[in-house]
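Coordinates in review
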Amino acid sequence: MRTFILSFITFAGVLTCWYACHSTAGGGEIPNAVSYNFHIRPILSDKCFKCHGPDKNQLKAGLRLDIAESAYAPLQETKGAFAIVPGQPEASELMKRITSKDPDYQMPTPESHLGTLTDREIRMLEKWIAQGAVYEKHWALLPPVKTGLPQVSDQNWVRNEIDYFTLAKMTGQNLSPNPEAGAEHLLKRAAMDLTGLLPTEAEMDTFLSDNAADAYEKAVDRLLATPQYGEKMALHWLDIARFSDSYGYQDDNIRSQWPYRDWVIHAFNSNMPYDQFVTWQLAGDLLPEAGKEQILATAFLRNHKYTEEGGVIPEEYRVEYALDKVKTYTRGILALTVECAQCHDHKYDPVSQKDYYQLFGFFNTSKEAGFEGDVSVSKPAKKPVLTLTDAEVKNILTFINKRDTAAVTVSVMGELDTPRTTYILNRGAYDKHGEVVQPAALAAVMPFDTLVYPRNRLGLAQWTVTKDNPLTARVFVNQVWQEFFGTGLVKTTGDFGMQGHLPTHPELLDWLAVDFMEHQWDVKRLVKQILMSATYRQSSQVTAQHLAIDPDNQLLARSPRLRFKAEMIRDMVLSTSNLLVKEIGGPSVKPYQPKGLWENTTSGRGVLRIYEQDSGPDLYRRGMYTFIKLTLPPPVMAVFDASNRDQCEVTRVRTNTPLQAFVMMNDPTVLEASRVLAQRLLANDQAIDGKIAAAFRTIICRKASQKEMSILQTYYNEQLQLFRDKKLDALKTLAIGDSPVDKTLDPDQSAALMKVVNTIYNLEEAITRG
């Protein structure tokens, strides 16, 4: 019996290309023109800002190196000296200190444990000062500019504007782009990226037989028009929105936020403009004549954890909920680590504690309470609540998949009649009131003009989606890029601040952001733009040249190889076996799960003490509908790095562990799908090699090679003999799963082919895009 070695390889993602090509560490040439944003700020941020940055509480010697006025000013503790003298590095105290070997004089100081600067970093600073030490506003806080397209050497390769930027970067590093992926691979990639489902055999045949020049574009358009597109796009947004089916904390009872998930799917399928999508979620309830759909969208801000434990201090938790809203808004929509300023001024970004609580003020006027009701009675939604009746769903909110006639309640936003006073909370403590502040957006990003914007969440939403805001479009474009390339043009998707990575292709990011806004924030257009590019359509083959020049694919000279998301692995298994139920939306479901997990992690109260597995069609819903209990998320999906949804998450980690192979070989869903697909193939009047070939193509989306077929046929024959010799139990093997076993088929053949199908599911290529 052959041993199949399973490997699950994922690329950690793209490091920032610009930063790699012009790194401030290690060796290499110093660029002709040294940029503060791209070359100097990263050095100062790592080595200097801890003591000489924005945090006034940590400021040493009154010197700030993050602003020119302070850096150029006379030093307070070294008379007659200046930290930086533009044009004169030899007269700059900064250069003297960073090159000194005297521990009592050198900077950074040994006790700071920040380490010494490399020779290249020192030379970079020296050249920057010699060139005039010109400070620049942080790149992400400058308005994006749509520059002209770069000149490229190969006009025949480019398919749209994206390719000019990527090709120019590649050729600048002596790299050539990969050829276009084969038709089978390209269709598989596009289908998984747009719908999270593999193409069917019929869809593959149609695509391969279409010789028209626009065959690929027609396939992309068809995929964009499917309802599964909205499900796939919603998956990432639900991570941002920290959507779950329970309240979290100790009792962790059930809640009914699922209509919000239905709305997100509907919004993507109807191609709601992104500015409207954001506005409704931040302030739908404050819109003039707001309807129930707009109010439902504000559940985005109410998906946080909620305590139902007795003895808590309500005000403490009410403040905690507002803090969560600030974190979700700033990380998910602005890509800033503003939460660092909850207790003190931000140590790196220009966000003071006062700035933080002014932003907090927008979310501090909600009607929600920190604790509500009797601890012995859990409600599926907490005030303020939106009630959706059966008639409303049938006649107005038709996108909601409501299965019964009972009304459903959802936690949403609502404002107090009299705004609550907002204070700076000293050290972030809920009861340590400091200075009174008024709601205002982050001044470092863009002024909040109170003559234009009201001091409420609607004003914040309008400020967020104005085309003058330098972050909103950039951040979303970067998130969309991440969905298709595994890593954003800015690797730190949730941090566009000074400690975040620099963009690999800054001009491309800006061009896409401006173009996105110019076309009315059209999400489907942006998605199609990316998929139609030659950059996206490259093969994922790795050459020796790639490994030598660009091992991490920073220059995008090939397509990345990425493991499917956890939910998509489940969907792939169910869809290829025809078990998948493609119902859109509705309450979450409880598929197979190891016994005893909920029972051993419960407070003993509430309806979620015991895991009650669903039956029938609900066992075979898409992974995004799996019930998420915050204190114990779905274990199989956790193995494949799904978000646990306890906080806003913009990037999922990618790990490779033996548990992932263990799941693919032993999970009941995979085994049941293997059995169902095997028996479906056996029911066809076809030789066994044809059945194996069909299974391979269904799962891998290409035809098996002669060598692959030989291995699988041999394995089938070995397993069949073991079953016939009763060394393996066919009936026991086939008994996994709730779907009926076809007893009219030979059990030994069924079990042997089931093992072959399970082996194909366990190939790396089965769960890899690329």
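We now turn to the structure provided with this report.

This part is about the state of the cysteines. Applying the stated criterion to the full structure yields 0 disulfides. In this structure Cys51 is not part of a disulfide, and its nearest cysteine sulfur, from Cys48, lies 9.0 Å away. Left without a disulfide partner, Cys343 is nearest to the cysteine sulfur of Cys340, which lies 9.7 Å away.

With that settled, the discussion passes to the environment of Ala638. Along the chain, Ala638 falls in helix α25 (residues 635-639). Under the relative-accessibility criterion, Ala638 is labelled partly exposed at 41%. A sequence separation of 72 residues divides Ala638 from Ala566, and the C-alpha atoms of the two residues are 7.7 Å apart.

To continue, consider the packing of helix α8 (residues 183-195) against helix α9 (residues 201-209). Direction vectors running N to C along α8 and α9 enclose 125 degrees, while the axes themselves pass 10 Å from each other. The angle between the axes of α8 and α9 places the two elements in the oblique class. For α8 against α9, the interelement crossing comes out right-handed. Residues Ala183, Glu184 and Leu187 of α8 form the contact with α9, whose own contacting residues are Glu203, Met204, Phe207 and Leu208. Counted by class, the contact of α8 with α9 contains 5 nonpolar, no polar and 2 charged residues.

The next subject is the side chain of Arg645. Its location among the elements puts Arg645 in the loop between α25 and α26 (658-666). Within polar-contact distance, the side chain of Arg645 engages the side chain of Asp239 at 2.7 Å. Not counting chain neighbours up to four residues away, the residues in contact with Arg645 comprise Leu235, Leu238, Asp239, Arg242, Phe243, Ser244, Glu567, Ile628, Leu630 and Arg652.

Let's shift gears to the packing of helix α11 (residues 227-240) against helix α12 (residues 258-269). Two elements in contact, α11 and α12, have axes separated by 8 Å at closest approach and are oriented at 120 degrees. Accordingly, the angle class assigned to the pair α11 and α12 is oblique. For the pair α11 and α12, the sense of crossing is right-handed. Where α11 abuts α12, its residues Pro227, Tyr229, Gly230, Glu231, Met233, Ala234, Trp237 and Leu238 lie against Tyr260, Arg261, Val264, Ile265, Phe268 and Asn269. Residues belonging to the contact of α11 with α12 are distributed by class as follows: 10 nonpolar, 2 polar and 2 charged.

In terms of burial, helix α13 (residues 274-283) is a largely internal element, 8 of the 10 residues being buried. Considered for burial, the residues of α13 that qualify are Tyr274, Phe277, Val278, Thr279, Trp280, Gln281, Leu282 and Ala283.

Bringing unusual backbone geometry into the picture now. The step from Met107 to Pro108 runs through a cis peptide bond, and the omega angle for that step is -10 degrees. Considering the arrangement of structural elements, one finds Pro108 in the loop between α5 (93-99) and α6 (119-130). Although it is not a glycine, Leu556 adopts a positive phi angle of roughly 60 degrees. Checked against the element boundaries, Leu556 lands in the loop between α23 (544-549) and β5 (562-563). The class for Leu556 is buried, based on a relative accessible area of 3%.

The next subject is the packing of aromatic side chains. Taken as a whole, this structure holds 33 aromatic pairs when the rule is applied. Taking the centre distance of 6.0 Å and the plane angle of 75 degrees together, the rings of Tyr72 and Tyr135 count as edge-to-face. Residue Tyr72 is located in helix α4 (residues 68-72), and its partner Tyr135 is located in the loop between α6 and α7 (161-172); the two are separated by 63 residues in the primary sequence. Here Tyr72 falls in the partly exposed class, since its relative accessible area comes to 29%. Ring centres of Tyr356 and Tyr357 lie 4.9 Å apart, and the angle between their planes is 75 degrees; on these two criteria the pair is classed as edge-to-face. When its relative accessible area of 0% is taken as the criterion, Tyr357 is described as buried. Following the ring pairs from residue to residue traces out a cluster consisting of Trp237, Tyr260, Trp263, Phe268, Tyr274, Phe277, Trp280, Phe300, Phe476, Phe516 and Trp521. Above the plane of the ring of Tyr625 lies Arg621, whose end atom (NZ or CZ) is 4.3 Å from the centre.

Thresholds applied
- Residues numbered from 1 in each chain as written.
- Predicted model: local features only at pLDDT ≥ 70, side-chain atom pairs only at ≥ 80, totals over all residues.
- Heavy atoms only, no water.
- Disulfide = S-S within 2.5 Å.
- Helix = DSSP H or I, 4+ residues; strand = E, 2+ residues; numbered from the N terminus.
- Buried < 20%, exposed > 50% of the residue type's maximum accessible area, 1.4 Å probe, protein only.
- Axes fitted to C-alpha atoms, helices over the stretch in contact; angles between N-to-C directions.
- Parallel < 35°, antiparallel > 145°, perpendicular 65-115°, else oblique.
- Left-handed = near helix turned anticlockwise from the far one by under 90°.
- Contact = heavy atoms within 4.5 Å.
- Nonpolar A, V, L, I, M, F, W, Y, C, P; charged D, E, K, R; others polar.
- Polar contact = N/O pair within 3.5 Å; in protein donor to acceptor, adjacent residues only side chain to side chain.
- Phe/Tyr/Trp six-rings, centres within 6.5 Å; stacked < 30°, edge-to-face > 60°.
- Lys NZ or Arg CZ within 6 Å of the ring centre and 35° of its normal.

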